[in-house]
Amino acid sequence: MIAAATTDAFLERAPVLLRDAVTGFLPEPWRTLVNALIAVGLILGIFGTLFAFITLAERKILGRVQNRPGPNRAPIPFINKRFFGLSQPFADGVKSLTKEDIVPRDADKVLHYLAPVALLAFSILTFAVIPYGRNLVPVELDAAVLYFFAAGAATELAVFMAGWASRNKYSLLAAMRALAQLISYELPLLLSWVPVVLIAGTLSTTAIVDAQAGWKFGFIPHWHVFTPWGFAGFVIFMVAALAESNRSPFDTPEAESELIAGHLTEYSGFKYALFFMAEYFGMLALSGMAITLFLGGWRSPLPFLEFIPSYLWFGGKLLALIFGFIWIRATFPRLRIDQLTRFAWKFLVPLALINLGNTIVWSLMSNSSALMQLARWPVCAAIILVPFVVLGRKLSAGVAPRIYRYA
Amino acid sequence: MNAVLIVIALVTLGAAAVAMTLRNLIHSALLLIASWAGVAAFYLWAGAEFVAFAEILVYVGAVSMVVLFAVLLTRRSRADLTVTPDSAGRAISGFIAGGAVCGVLVGAIVATPMGVGSSPTPTVTVKQIGVQLMGTHAASLLIVGVLLTVALLGAIVIASADRTDDSEDTP
Amino acid sequence: MLGSGLIQGLAVTAKNLVGSFHDPARYTNVEYPEVKTKLPEAYRNFPFLVTESASDPMGTLRCVACQICEKECPPQCIYIEKSKDKKPDATGKMQLFPAVFDIDTSVCMSCQICVEVCPFDAIKMDQVFEVATTSRFEALLLNRNQLAKPNTYYHSIHPTEAAEVDGRLAAERKAAEEKAKAAAAAKAAAAAAPKSATAAASATPPSTTPTPKPPAAPSAEAPKPPTPAA
């Protein structure tokens, strides 16, 4: 079997072997501790760097979409070569570190300080349970998916703290708006992955990735996204993830052009950078979870591509999803807050609930005859498509292309 | 291991105690949330992962928002925070209600046989919990759900009562 | 169906993203301080003084210090002092030249009236736009050394207009030479035969009247609209 051969290919085991080579000589309680510290350091290092370069890639891609080059002038220090402005994130980092940190006089100093720290801490916590490769999951938990969303849900608290501690009524109002959005989209986000848990029969991320192993006819991977309910769940998950990570078109919490950055109005310097970092970490973590739940985790799409190590597959899928986020940001205008909540409650939540029922139908039909096996595809597709069309009609009723009579 | 338990207990109880004494309601609410997180940490210490994460997800994530929204929407002004009760009857009923809850809790704790010694920690998977919840305890789950819904509706009814005074809110 | 518009929008941005890498029509940027776009010929900003030669700018200024521009300038930003001596101008005639010619560019509004009124094609509109300086007063007051730019520069920024001006000046110079020649011939003839004074008188009117004015009319409006050839 190819799979058996690749399971213990050298490249697959390389990260773990390297770690064991470093910590192997340590006595037992220390070894576990150092291993954990290495995992934490690697996650912070890799995702920190990724965050830095995603900001650059985002600005460059947005620039290209708008027919301009994007930031390309920051030179590498001392050698004075530009390399397409690759050092831009570091220049940004230095800038935000050296900027003045202004705290409003009447602000609640402790909470004002604590809000970005809490937000960042919670978003880093979510990285712990994502399987990055075949043997690379920092913490094996039985209820890993639950843990992930529990840590993610706590970010709302930080948003509230930021808005309230600034002692600025606009900050507070914007924080309430942000909370309304986050709570609204928490529901479809949570409902969209329940089908996966239902089918995989487990809350452990490793087991969910294992449930997506293998290929149908040798080339269609058993990923959840390639089923009717899985595709619908993936789309709902990604839309809710867009809203949860405050990305355009759901970036009303910090709409730069209409609110002055919302609950971040009173933040400056590195605290502001921390908020941004947390936002990107949230985006990365949600993308990682989407990969784990729907896109087969670290598994390769085709059997003959298995020689590429699993962690590279994970990284590739992550970058593809991030590109999707950026692409969407480059395309869609911002939604109004009422449109946004209406979209969540009247469209996504019902659809996610229907998808849950759809999954039950799918799993019930899977145990029957071959004819039923075949029939469940159109049946389940219809179960989710018909409500989609009907709800979509209802949602967009009365919204016609605008006629600009005097323009 | 006991040191960890003591730290968790101190944080949980300390946060709860300070929350009761603070005059700033938002600070109290945030400390209450810290106390809930402490409870979750205790569950984690006890090996009940699922309950711990559910606690964080439900209490720290959702109920905290309800509490904070309630505080922000209902508080009228800073001077509104009266410590003295409106009437003696209200104080007495408050004490009776609190005492009843306390009595039930203490009674439950006393009545529970505390297994002292080293019983092996049961390994409970999420699947088993799910089967238990949806099978044997389905009725109690439904009853609790109905109770919470009724409580929520009651809260809405109370909150939507007409305001008598329209003093300006000073945030 | 809900979502079809979203996909159309995504297709548009994707087309733009890919096109910006290979389609020059979608990516028209230049790296500004290093690379500059060619300004349109009709673009004009701040006047400069035309000199015939780049090597000796002060010796070959076309300006004869007639002070018409100084008087006409609406914001009064030109200051001229006449010289005491004379030197030959573009047409070879002995003329005064400006000992001092200052333009305060902080006051100048690039109205081009100085160019319109100049009978000698000595002041023309420039195309400069990077006029930032480090001082508010001295650096914005340009003297004649800073204002003087060679005729070749004029050709490089406004080619059609400059060619037309050059042609006219050449014609003038030729006419002046012919006139001088005719005058010399007349003088010689007068010296030879006194009766030919009438012939000299009949030779002067065609040489003086048509030369300066009729070509000056198109020169006045040439800088404003781009010529069809441009």
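Everything here concerns the structure above.
First things first, this report covers the structure right here in the doc.

Criteria and cut-off values
Residues numbered from 1 in each chain as written. Chains lettered and ligands numbered in written order. Predicted model: local features only at pLDDT ≥ 70, side-chain atom pairs only at ≥ 80, totals over all residues. Heavy atoms only, no water. Contact = heavy atoms within 4.5 Å. Buried area = accessible area lost by both parts, 1.4 Å probe. Salt bridge = Lys/Arg side-chain N within 4 Å of Asp/Glu carboxyl O. Polar contact = N/O pair within 3.5 Å; in protein donor to acceptor, adjacent residues only side chain to side chain. Helix = DSSP H or I, 4+ residues; strand = E, 2+ residues; numbered from the N terminus. Nonpolar A, V, L, I, M, F, W, Y, C, P; charged D, E, K, R; others polar. 1 Å grid on protein atoms, 1.4 Å probe; cavity = no way out; pocket = protein on both sides within 12 Å on 5 of 7 lines; lining within 4 Å. Points joined across faces, edges and corners; volume = space filled by probe spheres on them. Pairing = 2+ DSSP bridges. Axes fitted to C-alpha atoms, helices over the stretch in contact; angles between N-to-C directions.

### Digging into the interface of chain B and chain A
Opposite the 24 residues of chain B that make contact, chain A presents 24 residues. The contact between chain B and chain A buries some 2,100 Å² in all, and 79% of this surface belongs to carbon and sulfur atoms. Where chain B packs against chain A, one counts zero salt bridges. Taken together, the links from chain B to chain A amount to two residue pairs in polar contact (both at pLDDT 80 or more). Residue assignment for the side of chain B that touches chain A shows that the elements contributing at least two residues are helix 2 (25-45), helix 3 (49-74) and helix 5 (126-134) of chain B. Tallying contributions element by element places helix 3 of chain B first for the side of chain B that touches chain A, with 13 residues. Taken together, the residues that form the side of chain B that touches chain A break down as 16 nonpolar, five polar and three charged.

### Brief notes about the side chain of Thr341 of chain A
Residue and element names in this part refer to chain A. Turning to its location among the elements, Thr341 is positioned in helix 13 (residues 337-365). From its side chain, Thr341 meets the backbone oxygen of Ile337 in a polar contact 2.9 Å long. Aside from chain neighbours lying at most four places away, what touches Thr341 is Ala180 and Ser184.

### Considering the interface of chain C and chain A
Listed per partner, the contact involves 17 residues of chain C and 21 residues of chain A. Summing both partners gives a buried area of about 1,700 Å² for chain C against chain A, and 64% of it is carried by carbon and sulfur. In this structure, Arg73 of chain A and Glu31 of chain C form a salt bridge, with 3.1 Å as the shortest nitrogen-oxygen distance. Across the chain C-chain A interface, the total number found is 10 residue pairs in polar contact (both at pLDDT 80 or more). Looking at the side of chain C that touches chain A residue by residue, the classes come out as nine nonpolar, five polar and three charged.

### Comments concerning empty space enclosed by the protein
Residues and elements named next belong to chain A. What the rule picks out here adds up to six cavities of 30 Å³ or more. Around the largest cavity sit 24 residues that line it, and Gly152, Thr155, Glu244, Ser245 and Gly282 are the ones nearest its centre. For the lining of the largest cavity, the elements supplying multiple residues, two or more each, are helix 5 (109-125), helix 6 (144-153), helix 7 (155-165), helix 8 (169-200) and helix 11 (269-294). The dominant element in the lining of the largest cavity, judged by the number of residues it contributes, is helix 11, at six residues. A breakdown of the residues in the lining of the largest cavity according to their chemical character gives 12 nonpolar, eight polar and four charged.

### Some thoughts on the sheet that holds strand 8 (residues 148-150) of chain C
Two pairing modes exist for strands in a sheet, parallel and antiparallel, and in both the strands are linked by backbone hydrogen bonds. All names here are of chain C. Pairing is mixed across the open sheet formed by three strands, whose spatial order is 6-1-8. Looking at the sheet topology across the chains shown, the edges are occupied by strand 6 (123-125) and strand 8. Neighbour-to-neighbour, the strand axes of the sheet open up by a mean angle of 50°, direction not taken into account. With three bridges joining them, strand 1 (residues 47-51) and strand 8 adopt parallel strand pairing. Note on strand 8: the bridge partner recorded for Leu49 is Ala148.

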